[in-house]
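Read off the chains here:
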Amino acid sequence: MGNTTNRRPPRDIRAAIAAERRELAALLDGLSAEEWNAPTLCAGWRVREVAAHMTMGFRYSLPTMVWELVKARGSLHRMTDRCARKDAAAHSTRELAALLADNADHPWTPPVGGIEAALGHDVIHGLDITVALGIGRRIPEDRLRVLLEGVNAKSLKFFGADLDGVELRADDVDWSFGTGTPLSGAAQDLLLLAYGRRLPPGHLHGEPRDRFVTVPG
């Protein structure tokens, strides 16, 4: 069930990150021009902006990152949005896919959360793309477990996920989280909810599902 502490060795998580990046790079390299311009679960970002954001940590030095943050008046959200849009326009889709593959073993980690957060960054943004496009890619369970075990009240607050009154119940692995009215679905879909995402219709089952479904534009 949820919140079982079983920290994986860093080398295993590094290997999972590298595999995730290579697999996503291969997937991106096979997308059509229409798919690259399609919307994702990240509001306002197409596939190309998400891919650009995913490779930002490989391309920006710390001083450059700090300068971009200054230009964004200290807003991390404003900085990442501006950089994603700028970089998506500056790089071809082939270049963006190659940047992910070529940096599969890059040691970058987010400012908060360490190596597990780096895996979460890649897995969640990959799902932002594949779920929105209707691509049935399944995340290997060992990678999912690392992230599912990290779901807690603190992480929900960080990602702006409101799961009050809901118990998440995975129907494909042994995992649940929270208390309240049951909401079931694939573990990777429930993980997206814990990262503050909303999903297209058909992924979730249970009375609270409408709270977490995207409204067609």
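The structure presented is a predicted model; accordingly, all values stated were derived computationally and were not measured.

What counts and what doesn't
Residues numbered from 1 in each chain as written. Predicted model: local features only at pLDDT ≥ 70, side-chain atom pairs only at ≥ 80, totals over all residues. Heavy atoms only, no water. Pairing = 2+ DSSP bridges. Helix = DSSP H or I, 4+ residues; strand = E, 2+ residues; numbered from the N terminus. Buried < 20%, exposed > 50% of the residue type's maximum accessible area, 1.4 Å probe, protein only. Contact = heavy atoms within 4.5 Å. Phe/Tyr/Trp six-rings, centres within 6.5 Å; stacked < 30°, edge-to-face > 60°. Core = buried A, V, L, I, M, F, W, Y, C linked by side-chain atoms within 4.5 Å. Salt bridge = Lys/Arg side-chain N within 4 Å of Asp/Glu carboxyl O. Disulfide = S-S within 2.5 Å. Axes fitted to C-alpha atoms, helices over the stretch in contact; angles between N-to-C directions. Parallel < 35°, antiparallel > 145°, perpendicular 65-115°, else oblique. Left-handed = near helix turned anticlockwise from the far one by under 90°. Nonpolar A, V, L, I, M, F, W, Y, C, P; charged D, E, K, R; others polar.

The sheet built from three strands is open, its strands ordered E2-E1-E3 with mixed pairing. Of all strands in the sheet, those with a lone pairing partner are strand E2 (176–177) and strand E3 (181–185), marking the two edges. In this structure, strand E1 (residues 166–170) lies alongside E2, joined through two bridges in antiparallel fashion. Of the residues in E2, the one forming a bridge with Leu168 is Phe177.

With six of its eight residues buried, helix H9 (residues 141–148) lies for the most part within the structure. Every buried residue of H9 is accounted for by Arg143, Leu144, Arg145, Val146, Leu147 and Leu148. Contacts made by the buried residues of H9 are with helix H1 (10–29), helix H8 (114–133) and helix H11 (187–194).

Counted under the stated rule, the structure contains three aromatic pairs. For the pair Phe159 and Tyr195, a centre-to-centre distance of 4.3 Å together with 35 degrees between the ring planes defines the contact as tilted. One end of the pair, Phe159, is in helix H10 (residues 153–159); the other, Tyr195, is in the segment after H11, and 36 residues separate them in sequence. With a relative accessible area of 33%, Phe159 lands in the partly exposed category. Tyr195 sits in the buried class, given a relative accessible area of 13%. Three or more aromatic residues joined by ring pairs make a cluster, and in this case those are Phe158, Phe159 and Tyr195.

The next point concerns the environment of Asp12. Summarising the element assignment, Asp12 is placed in helix H1. For the pair formed by Asp12 and Arg143, sequence separation is 131 residues and the distance between their alpha carbons is 9.6 Å.

Here the focus is the nonpolar core. Formed by 37 residues in total, the largest nonpolar core has its most connected members in Leu119, Leu168, Trp175, Leu191 and Leu193. Those elements that provide at least two residues to this core are H1, H8, H9, E1 and H11. Looking at which element gives the most residues to this core, the answer is H8, with seven residues. Apart from the residues lying within four places of it in its own chain, the contact partners of Leu119 are Ile13, Ala16, Ile17, Arg143, Val146 and Leu147. By size, the runner-up hydrophobic cluster in this structure holds 22 residues, among which are Trp36, Cys42, Val50 and Leu100.

Attention now goes to the pattern of salt bridges. The full count for this structure, using the stated rule, is 16 salt bridges. Here Asp81 makes a salt bridge to Arg85, at a shortest N to O gap of 3.0 Å. Of this pair, Asp81 and Arg85 both sit in helix H6 (residues 76–90), four residues apart, which is roughly one turn of that helix. With a relative accessible area of 21%, Asp81 lands in the partly exposed category. Overall, the relative accessible area of 38% leaves Arg85 in the partly exposed class. Two residues, Arg197 and Asp128, come together in a salt bridge whose shortest N-O distance is 2.8 Å.

Attention shifts here to the state of the cysteines. Linking two cysteines covalently via their sulfur atoms produces the bond known as a disulfide. The tally for this structure, following the rule as stated, stands at zero disulfides. Here Cys42 is not cross-linked by a disulfide; its sulfur's nearest cysteine counterpart is in Cys83, at 15 Å.

Time to look at the side chain of Glu49. In this fold, Glu49 is placed in helix H3 (residues 47–54). With relative accessibility at 3%, the residue Glu49 sits in the buried group. Setting aside residues up to four positions removed in sequence, Glu49 forms contacts with Ala84, Arg85 and Ala88.

Where H9 meets H11, the closest approach of the two axes is 11 Å, and the angle between their N-to-C directions is 30 degrees. When the interaxial angle is binned, H9 and H11 end up roughly parallel. Considering only the axes of H9 and H11, their crossing is left-handed. Every residue of H11 that contacts H9 at Leu144, Leu147 and Leu148 is listed here: Ala187, Gln188 and Leu191. Partitioning the contact of H9 with H11 into residue classes produces five nonpolar, one polar and no charged.

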